[in-house]
There are 2 protein chains.
Amino acid sequence: MSIEQKSAGTVALYQRIRTDLETRILSGEWPPGYRVPFEHELMQSYSCSRMTVNKVLSALAAAGLVVRRRRAGSFVSRPRAQSAVLQIPDLKAEVEKRGERYGYQLLKLTKRIATANDRARLAVGARESVLALRCRHDADGEPFAIEDRLINPQAVPVALQQDFSVIPPNTWLVGQVPWTEAEHRIIACNAAGADAAELKLDEGTACLVIERKTWRNGEPITAVRLTHPGHLYNLIARFTPTG
Amino acid sequence: MSIEQKSAGTVALYQRIRTDLETRILSGEWPPGYRVPFEHELMQSYSCSRMTVNKVLSALAAAGLVVRRRRAGSFVSRPRAQSAVLQIPDLKAEVEKRGERYGYQLLKLTKRIATANDRARLAVGARESVLALRCRHDADGEPFAIEDRLINPQAVPVALQQDFSVIPPNTWLVGQVPWTEAEHRIIACNAAGADAAELKLDEGTACLVIERKTWRNGEPITAVRLTHPGHLYNLIARFTPTG
DNA sequence: AAGTGGTCTAGACCACGTT
DNA sequence: ACGTGGTCTAGACCACTTT
């Protein structure tokens, strides 16, 4: 017989399957409570052994995305809570959770060949394109955050067809693209120029800036800079010595 | 042949092996850098298949306890790779790590019966005393942080005899007092008053403020407010969806 | 009673880093 | 070149839960 193994692409089979399932779950195609296909069904779908799909489902269970029950199957679980600094927050949900009215406005959207500056923020190839967005988030009509984002279309081709004039890119991405690593850089700086104007702040007002990069298996997905008025936004982290 | 499997105890073999290895690592018996036995060695030790020990080592790698390198082996990894925002940093060590000269000055130290304000910061009893400190940290002679700290003497009696004019309280506490929980609140604000003056900043300069509380089994140990010039201090966090 | 996940095996090929 | 980890398979037995 022919053992194909990972001979094809360099990406492991169980990784592809995992990404596949994660995408379905995060996109909402498989909502919480949905019964994931049985192991033997996935074996057939992906033409692989049970060990392989078992590894994927076990990993998803360990990550909290699914709950497994003997005899019953595996089910998409509720999103887990995490400490706020280590979250990728959905600003819309955050604002609404506080009982405030959420507002969103797309200020600018361009697709361009990555400039040197872009490539410093998002490590894409030399002549590759990036999607650049700038938008504003409001809470009860007050500017709450300015979002400056670069998206790597190589990693998220669907982004090119997406209409960001209504759906904020963070909300969309959070539900659309499974990521594996993220980095936050948290900075305090004085509001200036367009940021100050668009946040309706006096020049010099302290702002909390969160620069976040996310990757999927080493491939950059997006880089975003969120500028919040300092008096409207704090980050909280609870933790223990062992993590 | 006789496939024993998990027939014996109800605990899975790979779980026993994992606990075993974790104990060796966490106890320090296998220090950082120690080369964990090869998979084929563990197979023999535990009389099991390679898949099983592989599952264990992969899990330990995913948890960050070991680093695996082809051809070389698996090695106990360095201090729990915890993200910086979830650390309790030793400012002295941080500054010196960047190759800068560390300076420290105790500005004020008082022991007093907890005021209402103190009790809001550090949840101690009504008539109990607190140790209040204010000090400054310098990097290469430049003010780097103002530290405002309350210590609960009920939790750390030794603190009363400690001489904080030379040893910074954070450095001392980090090495002295085991804690079980901590909380960070991260804020951006404009420098003002004594903070601005002691940091040698213009009024209004953006500062990154970190308010941290630590507990030991629910008992408050200390509450500290660290005010950093925004242009001198960023927080970094690296993380994954699973935490 | 039946079917699911939980665990385990004894092989195998491959990629890759160290030598 | 060699040996390690990375991945995969095609089976197997078992425990448990739901029907």
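Every value quoted in this text rests on a predicted model; they were computed, and no experiment measured them.

S.K.: How should I be thinking about helix H3 (residues 50-62) of chain A in this particular structure?
M.R.: Since one α-helical turn is 3.6 residues long, residues separated by three or four positions face the same way. All names here are of chain A. Here H3 contains 13 residues, and its C-alpha end-to-end distance of 18 Å stays within 8% of the 18 Å for a straight helix at 1.5 Å per residue. Of the positions making up H3, those classed as buried are Val-53, Val-56, Leu-57 and Leu-60. All buried residues of H3 lie within an arc of 90° about the axis, which places them on one face of the element. Looking at H3, the residues exposed on the side facing more than 90 degrees away from the buried face are Met-51 and Ala-62.

S.K.: Help me understand the sheet that holds strand E2 (residues 66-69) of chain B, please; the structure alone is not making it clear to me.
M.R.: In a beta sheet, neighbouring strands pair by backbone hydrogen bonds and run either parallel or antiparallel. Residue and element names in this part refer to chain B. Strand order in this open sheet of three strands is E1-E3-E2, and the pairing throughout is antiparallel. Two strands in the sheet have a free side with no partner beyond their single neighbour: strand E1 (35-36) and E2. Judged from the two bridges that link them, E1 and strand E3 (residues 73-76) form a sheet pairing that is antiparallel. When the sheet's bridge partners are listed, Val-36 is paired in E3 with Ser-74.

S.K.: Hey, could you run me through the nonpolar core in this one?
M.R.: Soluble globular proteins tend to pack their nonpolar side chains together in the buried interior. One finds Ile186(A), Val156(B) and Ile186(B) to be the most contacted residues of the largest nonpolar core, which totals 68 residues. Ignoring any residue separated from it by four or fewer positions in sequence, one finds Ile186(A) in contact with Val85(A), Leu208(A), Val209(A), Leu235(A), Val85(B), Ile186(B), Leu208(B), Tyr233(B), Asn234(B) and Leu235(B).

S.K.: Explain the protein's contact with DNA strand D here, please?
M.R.: By nearness alone, 28 residues border DNA strand D, and Leu13(A), Thr52(A), Arg50(B), Arg68(B) and Arg71(B) come closest of all. Here the atoms of DNA strand D within 4 Å of the protein split so that 59% fall in sugar or phosphate, with bases taking the remainder. A distance of 3.0 Å separates a base nitrogen of DNA strand D from a polar atom in the side chain of Arg50(A). A distance of 2.6 Å separates a base oxygen of DNA strand D from a polar atom in the side chain of Arg71(B). Of all the elements in the fold, those that place two or more residues in the surface near DNA strand D are helix H1 (13-26) and H3 of chain A together with helix H2 (39-46), helix H3 (50-62), E2 and E3 of chain B. By residue class, the composition of the surface near DNA strand D is eight nonpolar, nine polar and eleven charged.

S.K.: What am I meant to see in unusual backbone geometry here?
M.R.: Leaving glycine out, the prevailing phi sign among residues is negative, and the prevailing peptide bond configuration is trans. Residues and elements named next belong to chain A. Residue Ser-47 is not a glycine yet carries a positive backbone phi of 50°. Ser-47 sits in the exposed class, given a relative accessible area of 65%. The backbone of Lys-200 sits at a positive phi, close to 55°, despite the residue not being glycine. Here Lys-200 lies in the loop between helix H7 (193-198) and strand E8 (206-216). What makes Lys-200 exposed here is its relative accessible area of 59%.

Conventions and cut-offs
- Residues numbered from 1 in each chain as written.
- Chains lettered and ligands numbered in written order.
- Predicted model: local features only at pLDDT ≥ 70, side-chain atom pairs only at ≥ 80, totals over all residues.
- Heavy atoms only, no water.
- Helix = DSSP H or I, 4+ residues; strand = E, 2+ residues; numbered from the N terminus.
- Expected span 1.5 Å × (residues − 1).
- Buried < 20%, exposed > 50% of the residue type's maximum accessible area, 1.4 Å probe, protein only.
- Arc of directions from axis to C-beta.
- Pairing = 2+ DSSP bridges.
- Core = buried A, V, L, I, M, F, W, Y, C linked by side-chain atoms within 4.5 Å.
- Contact = heavy atoms within 4.5 Å.
- Near = heavy atom within 4 Å.
- Polar contact = N/O pair within 3.5 Å; in protein donor to acceptor, adjacent residues only side chain to side chain.
- Nonpolar A, V, L, I, M, F, W, Y, C, P; charged D, E, K, R; others polar.

Just distances and angles here, no functional claims.
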